[in-house]
Structure formats: C-alpha cells, structure tokens
Amino acid sequence: IKDLAKQKMTMVIVTHEMHFAQEVSSKVVFMSHGEVVEEGSPDEIFVHPKDEKTRQFLQRMLKREEG
C-alpha cells in the first residue's frame, strides 16, 4: 500500500491504524456512526482537528498504538 501511495495511486482505505493513515494519506475523512464528521489533509485532521469527536478518537487510538 505504501508503494502504491508513493506512485500516487488512488485508493480508499478504512483503518484504525492512525500512524499508517497519517503517513500514506493525501486526504483523510473521519466518520462516526456512518456520518462524515470532518475531512481534510492529514495535517488538518491529525494535527489540527476541528471537531471534538475527532480529537477524542485520535487521543484514544494514538494511545493504543503507542501502548
């Protein structure tokens, strides 16, 4: 998948692996209960999330990945 991303291949990937998503994505869509909460570049979503649901989710998931 990383090689395809480097080749600018268009892909839709659903994952809870946040570090991977941040590394390979050019656009991120955060969904909750089947609805789009926010979307943007990896920097907008992972570094500067606007929505509280996104912030809380990222905090939980990044702790799991580090733990």
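> How should I be thinking about the pattern of salt bridges in this particular structure?
Should the charged atoms of two oppositely charged side chains come close, the side chains can pair. This model, assessed by the stated rule, comprises three salt bridges. One salt bridge in this structure joins Glu-52 and Arg-55, with 3.1 Å as the shortest N-O distance. Note that Glu-52 and Arg-55 are positioned in helix H4 (residues 52-66) at a spacing of three residues, about one turn of the helix.

> How should I be thinking about the packing of aromatic side chains in this particular structure?
Remark: the centre distance and the inter-plane angle together describe each pair of aromatic rings, the angle taken between the planes. This structure, assessed with the given rule, holds one aromatic pair. Centroid distance Phe-30 to Phe-57: 5.1 Å. Interplanar angle 45°. Geometry classified as tilted. Of the two residues, Phe-30 is situated in strand E1 (residues 28-32) and Phe-57 in helix H4; the sequence distance between them amounts to 27 residues. Each member of the pair, Phe-30 as well as Phe-57, is classed as buried.

> Whenever I open this one, the side chain of Ser-32 confuses me. Can you help?
Assignment of secondary structure puts Ser-32 in strand E1. Look at Ser-32 and you get buried, because its relative accessible area is 18%. Apart from the residues lying within four places of it in its own chain, the contact partners of Ser-32 are Val-37 and Lys-53.

> What's the story with unusual backbone geometry in this structure? I'm lost.
A negative phi angle characterises most non-glycine residues, just as the trans form characterises most peptide bonds. Of note in this structure, Lys-8 is not a glycine but carries a positive phi near 65°. When you line up the elements, Lys-8 lands in the loop between helix H1 (2-6) and helix H2 (18-24). The backbone phi angle of His-33 is positive, close to 55°, even though this residue is not glycine.

> Looking at this model, I keep getting lost on the pairing of E1. Mind explaining?
On a regular strand, one side chain projects to one face of the sheet and the next to the other, so that they alternate. With burial as the criterion, only one face of E1 is covered, namely that bearing Val-28, Phe-30 and Ser-32; the residues Val-29 and Met-31 on the opposite face remain uncovered. As judged from the five bridges shared by E1 and strand E2 (residues 35-40), these two strands associate in the antiparallel manner. Looking at the pairing, Val-28 lines up with Gly-40 of E2. The loop that links E1 with its antiparallel partner E2 comprises two residues; one of these, His-33, has a positive phi angle of about 55°.

> Just checking my understanding: could you explain a nonpolar patch on the surface for this structure?
Together, Val-29, Met-31 and Val-36 give the surface a local cluster of nonpolar side chains, amounting to about 260 Å² of exposed area. Secondary-structure assignment places Val-29 in strand E1. According to the relative accessible area criterion, Val-29 is partly exposed, its value standing at 41%.

Here is what the cut-offs are and how they apply
- Residues numbered from 1 in each chain as written.
- Predicted model: local features only at pLDDT ≥ 70, side-chain atom pairs only at ≥ 80, totals over all residues.
- Heavy atoms only, no water.
- Salt bridge = Lys/Arg side-chain N within 4 Å of Asp/Glu carboxyl O.
- Helix = DSSP H or I, 4+ residues; strand = E, 2+ residues; numbered from the N terminus.
- Phe/Tyr/Trp six-rings, centres within 6.5 Å; stacked < 30°, edge-to-face > 60°.
- Buried < 20%, exposed > 50% of the residue type's maximum accessible area, 1.4 Å probe, protein only.
- Contact = heavy atoms within 4.5 Å.
- Pairing = 2+ DSSP bridges.
- Patch = residues over 30% accessible without salt bridge, like charges linked within 9 Å, V, L, I, M, F, W, Y side chains within 5 Å.
- Areas by Shrake-Rupley, 256 points an atom, 1.4 Å probe, with all protein chains shown as cover.

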